[in-house]
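Breakdown of the fold
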Amino acid sequence: KQEKIRNYHINWENNFFENNINKIYNWFCSIIDNYDEKNINDLKIVSLFIPHAIYFINLIEFYISKNILKIYNNKIKKIYNKIAYFELFHKHNYEISKKFYEKCFEKNDENIIENLGIVLYKLKENKKAKKLFKNAIKINYSKYKKINNPNLGKIFTNLGIIYNEL
């Protein structure tokens, strides 16, 4: 895998990189999306893989024209979201997680908003976290129109923890 990554980085000349972005992106996502959270070896692989994913995104942003970059914006945000999730729930590296959640922030994605709220809570930024949890509740309720869905319960639990500490 390491050799494959090096080859992709080295051979970007003659539009190789631009012509193969989707293939590389799918390969990265296949690793980041399909790991077993309970398998320590899978966690190690993903942990070693994340710096390469970050470098890949930097290559996209540096070498691809601004017009084409807009096409890849959602794909870049998806990788940022996966990195932020991994850093939050597996490495407990809250500063890095915050950085990547802020890069992929979508004001209508309650999962990203909730996870960023968790990060801010862990970083003792409780007022900001409270605001995000309240926003996630509004989005979740407007999306599902049910007060008794499991996601909403989880968000209310996180909000309760924040209120207990304020």
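In the block above lies the structure referred to throughout.
What counts as what
All residue numbers refer to positions counted from 1 along the written sequence of the respective chain. Given that the model is predicted, a residue must reach a pLDDT of at least 70 before its local features are reported, and side-chain atom pairs must reach 80 or more before they are shown or counted; all residues, however, enter totals for whole chains, interfaces and linings. Just so you know, side-chain values use all the structure's heavy atoms and leave hydrogens and water out. Candidate patch residues must exceed 30% relative accessible area and have no salt bridge, after which like charges are joined if within 9 Å and Val, Leu, Ile, Met, Phe, Trp or Tyr side chains if within 5 Å. Here the accessible surface of atoms and residues is derived via Shrake-Rupley with a 1.4 Å probe, and residues count as covered only by protein chains that are part of the display. By salt bridge we mean one thing: a side-chain nitrogen of Lys or Arg within 4 Å of a carboxyl oxygen of Asp or Glu. For the purposes of this entry, the term helix denotes a DSSP run of H or I that reaches at least four residues, the term strand denotes a run of E that reaches at least two, and both are numbered from the N terminus. For each residue, the accessible area found with a 1.4 Å probe, counting protein chains only, is set against the maximum for its type, and the residue is called buried under 20%, exposed over 50%, and partly exposed in between. As defined here, a cavity is a set of points on a 1 Å grid over the protein atoms alone where a 1.4 Å probe fits but cannot get out. A pocket is an open set with protein on both sides within 12 Å along at least five of seven lines, and residues line them when an atom is within 4 Å of a point. Grid points are joined across faces, edges and corners, and a volume is the space filled by probe spheres set on the points. Definition of nonpolar core: a set of buried residues of the types Ala, Val, Leu, Ile, Met, Phe, Trp, Tyr and Cys, connected through side-chain atoms within 4.5 Å. A contact between two residues is defined here by any heavy atoms of the two lying within 4.5 Å.

Further remarks concern a nonpolar patch on the surface. Together, Tyr141, Ile147 and Phe156 give the surface a local cluster of nonpolar side chains, amounting to about 320 Å² of exposed area. By secondary structure assignment, the location of tyrosine 141 is in helix α8 (residues 126–144). A relative accessible area of 41% places tyrosine 141 in the partly exposed class.

As a further point, take the layout of surface pockets. Approximately 160 Å³ is the volume attributed to the largest pocket. For the lining of the largest pocket, the elements supplying multiple residues, two or more each, are α3 (21–33) and α5 (66–89). Take the lining of the largest pocket: its biggest share by element is 4 residues, from α5.

Before going further, it helps to spend a moment on the nonpolar core. Membership of the largest hydrophobic core comes to 45 residues, with the highest contact counts inside it found for Phe56, Ile79, Tyr101 and Phe133. Elements with a contribution of two residues or more to this core: α3, α4 (40–63), α5, α6 (94–103), α7 (110–122), α8 and α9 (150–165). Those residues in contact with phenylalanine 133 that sit more than four places away from it in its chain are Glu114, Gly117, Ile118, Ile155, Asn158, Leu159 and Ile162.

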